[in-house]
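# Structure at a glance
The lines below spell out each chain.
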Amino acid sequence: MADVVARIVGSGGLDPVTVGIHSAWGGGKSTALNLIAKDLSALGHVLVVRMDPWEFELVRKPWWGKVV
């Protein structure tokens, strides 16, 4: 699967592109993302940007108090 995603994303014409992976806890999402990132990095012309939303879990937005 990782090689197919990397080939499609790296083929061009989809700039920019976002790939989402959905699965239950322990379903292999991180493993799939790591394999895809490795294949994309090998292409040389694709920038892989990794973000961990858990890093921002406790960050309070200035406007949050007005929403909640």
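Before any of the text, the structure's been laid out above.
Not measured: the values here are computed from a predicted model.

So, about the overall build of the chain. Across its full length, the chain carries 3 helices and 0 strands. If you list the helices and strands of the chain from N to C, you get α-α-α. Counting across all 68 residues of the chain, residues that qualify as buried make up 13%. Carbon and sulfur atoms make up 62% of the accessible area of the chain, which amounts to about 6000 Å² in all.

Mapped onto the secondary structure, A42 falls in helix 2 (residues 29-43). Between the C-alpha atom of A42 and that of A6, which follows or precedes it by 36 residues, the distance is 9.5 Å.

As a further point, take the nonpolar core. In terms of nonpolar packing, the biggest core is built from 6 residues, these being A2, V5, A6, V9, I36 and L40. Of all elements in the fold, only helix 1 (2-10) and helix 2 reach the threshold of two or more residues within this core. When residues of this core are assigned to their parent elements, the largest contribution, 4 residues, is made by helix 1. Beyond its immediate chain neighbours, meaning those up to four positions away, I36 contacts M1, A2, V5 and I21.

Here we take up helix 2. Taking 1.5 Å of rise per residue, the 15 residues of helix 2 would be expected to cover 21 Å, and the 21 Å separating its terminal C-alpha atoms lies within 8% of that figure. Buried residues of helix 2: A32, I36, A37 and L40, and no others. Along helix 2, the residues classed as buried sweep out an arc of 130 degrees about the axis, all on the same side. Turned more than 90 degrees from where helix 2 packs its buried face, S30, T31, K38 and A42 sit exposed. Looking at the buried side of helix 2, the elements it contacts are helix 1.

Procedures and definitions
- Residues numbered from 1 in each chain as written.
- Predicted model: local features only at pLDDT ≥ 70, side-chain atom pairs only at ≥ 80, totals over all residues.
- Heavy atoms only, no water.
- Helix = DSSP H or I, 4+ residues; strand = E, 2+ residues; numbered from the N terminus.
- Buried < 20%, exposed > 50% of the residue type's maximum accessible area, 1.4 Å probe, protein only.
- Areas by Shrake-Rupley, 256 points an atom, 1.4 Å probe, with all protein chains shown as cover.
- Core = buried A, V, L, I, M, F, W, Y, C linked by side-chain atoms within 4.5 Å.
- Contact = heavy atoms within 4.5 Å.
- Expected span 1.5 Å × (residues − 1).
- Arc of directions from axis to C-beta.

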